[in-house]
Structures are given as structure tokens and as C-alpha cells.
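# Architecture and fold: a report
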Amino acid sequence: MRELAERGFEDGRLTGRAPTRGRRAVTVNLAESPLGWLAARGLLSARQVEAGERLRTDYERAQMAQSLTMRWDAAPTGRHARSEALDPTSAQIAAKRRFDAAIAGVGPGLSDMFWRVVCACEGVPAAERALGWPARAGRVVLGLALDRLADHYALG
């Protein structure tokens, strides 16, 4: 299943929103993630998907995934007036704190399967095999973990 959407591309990263005029854009398949796959088949609620995507956003902003190449961000070029927005390092630290708090809110018994599917984008069967779990047990654990995460985020 393909669910294509245009997303903005700034500073070498996807912004998660539609591109603005004059900005670069890429086409992404929203159904590629395991959460999107499960949601497309009616196996996850919208609340669970929103919670999972919020966590994955913090995971990406915290830049916790392995990097395969060097960073090509421009070096700072002088003094700028202090802005209201967080600088990239502070934003990364804040995202890491939110991520750690969310994982702690889910609990230790559920976070293994949850991290593999939501953050590492492993499919449920592959995560079950890696953890040595029986087939179809991962989907139940993932649902419970996403419900706890949605409670942590106070999603309605």
C-alpha cells in the first residue's frame, strides 16, 4: 500500500509538514513505518498511532539513531541576536529528555518491543524473533505499550 505525501526538507532533515513555497520537498510513503502498516489494517487506534509518532519524532530530533555519514550542517558564522527558539543542541537535549521520560512512562516490561517497532522501524514479526517471543505476542505488547504512551502524553 502506498500513501504518498509531500514533506518539507530543511537543514538535511524532514520537517514532518507540507513544504512551504520556495523550500525543498521530498515525497515520502507514510505507510512504510510499521505503525502506519498496522494502522492501515485497523490494528491500531488513531490515539496509539499519534502517541507512537510523537515518540518517534522525539527519537529523531534527539538524533539517537546511528549516523552513517558525517554531518554537513553549516558551521556558525558570527554572532546572531538571541532568538526565542532553542538552538539545535538545546532542542536535541530537550527531545532526549522527552524521549527518556516517555520510555520510562511505558515501563520496562513493554519498552523492548515498543522501541524496536516505533523507533527502529522493525516489523512486529522481526522484533518478535529478535526477542525470542512467540508469534503474535508482540502485537499485544505493542498495543499495551502504545496505550501507556498515549496516557503519558495525555492524549484523548
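The structure this text deals with has already been given above.
What counts as what
Residues numbered from 1 in each chain as written. Predicted model: local features only at pLDDT ≥ 70, side-chain atom pairs only at ≥ 80, totals over all residues. Heavy atoms only, no water. Helix = DSSP H or I, 4+ residues; strand = E, 2+ residues; numbered from the N terminus. Buried < 20%, exposed > 50% of the residue type's maximum accessible area, 1.4 Å probe, protein only. Areas by Shrake-Rupley, 256 points an atom, 1.4 Å probe, with all protein chains shown as cover. Expected span 1.5 Å × (residues − 1). Core = buried A, V, L, I, M, F, W, Y, C linked by side-chain atoms within 4.5 Å. Contact = heavy atoms within 4.5 Å. Phe/Tyr/Trp six-rings, centres within 6.5 Å; stacked < 30°, edge-to-face > 60°. Lys NZ or Arg CZ within 6 Å of the ring centre and 35° of its normal. Axes fitted to C-alpha atoms, helices over the stretch in contact; angles between N-to-C directions. Parallel < 35°, antiparallel > 145°, perpendicular 65-115°, else oblique. Left-handed = near helix turned anticlockwise from the far one by under 90°. Nonpolar A, V, L, I, M, F, W, Y, C, P; charged D, E, K, R; others polar.

### Remarks on the overall build of the protein
Per the secondary structure count, the protein includes six helices and three strands. Listing each helix as α and each strand as β along the protein from the N terminus yields β-β-β-α-α-α-α-α-α. Scored against the burial criterion, the 156 residues of the protein give a buried share of 30%. About 10600 Å² of surface is accessible on the protein, with carbon and sulfur atoms providing 53% of the total.

### Digging into unusual backbone geometry
The phi dihedral of C121 falls on the positive side, at around 55 degrees, and the residue is not glycine. With a phi close to 70 degrees, R136 is a non-glycine residue in the positive phi region. Structurally, R136 can be placed in the loop between α5 (124–131) and α6 (137–152). Overall, the relative accessible area of 64% leaves R136 in the exposed class.

### Considerations on helix α2 (residues 46–61)
With 16 residues, α2 should cover 22 Å at 1.5 Å per step; its first-to-last C-alpha distance of 22 Å lies within 8% of that length. Inspection of α2 places Q48, V49, A51, G52, L55, R56, D58 and Y59 among the buried residues, and these make up the whole buried set. Two residues or fewer past α2, Q63 is found with a positive phi of approximately 55 degrees.

### Things to note about the nonpolar core
L55, F114, V118, L142, L146, L149 and Y153 are the most contacted members of the largest nonpolar core, which totals 27 residues. Counting residues per element, this core draws most heavily on α6, at six residues. Ignoring sequence-local partners within four residues, the contact set of L55 consists of F99, A102, I103, F114, V118, C119, L149 and Y153.

### Things to note about the packing of aromatic side chains
This model, assessed by the stated rule, comprises two aromatic pairs. Taken together, a centroid distance of 6.3 Å and an interplanar angle of 80 degrees make the contact between Y59 and W115 edge-to-face. Of this pair, Y59 sits in helix α2 while W115 sits in helix α4 (residues 111–118), placing them 56 residues apart in sequence. On the accessibility criterion, W115 (33% relative accessible area) is partly exposed. Members of the aromatic cluster, each reached through a chain of ring pairs, are Y59, F99 and W115. Here R54 stacks its cationic end above the ring of Y153, 4.8 Å away from the centre of that ring.

### Let's talk about the packing of helix α3 (residues 88–106) against α4
The geometry of α3 relative to α4 is characterised by a closest axis approach of 9 Å and an angle of 135 degrees between their N-to-C directions. Judged by the inter-axis angle, α3 sits oblique to α4. In terms of crossing hand, the pair formed by α3 and α4 is right-handed. Within the contact between the two elements, α3 uses F99, I103 and V106 and α4 uses S111, F114 and W115. The residue makeup of the contact of α3 with α4, split by class, is five nonpolar, one polar and no charged.

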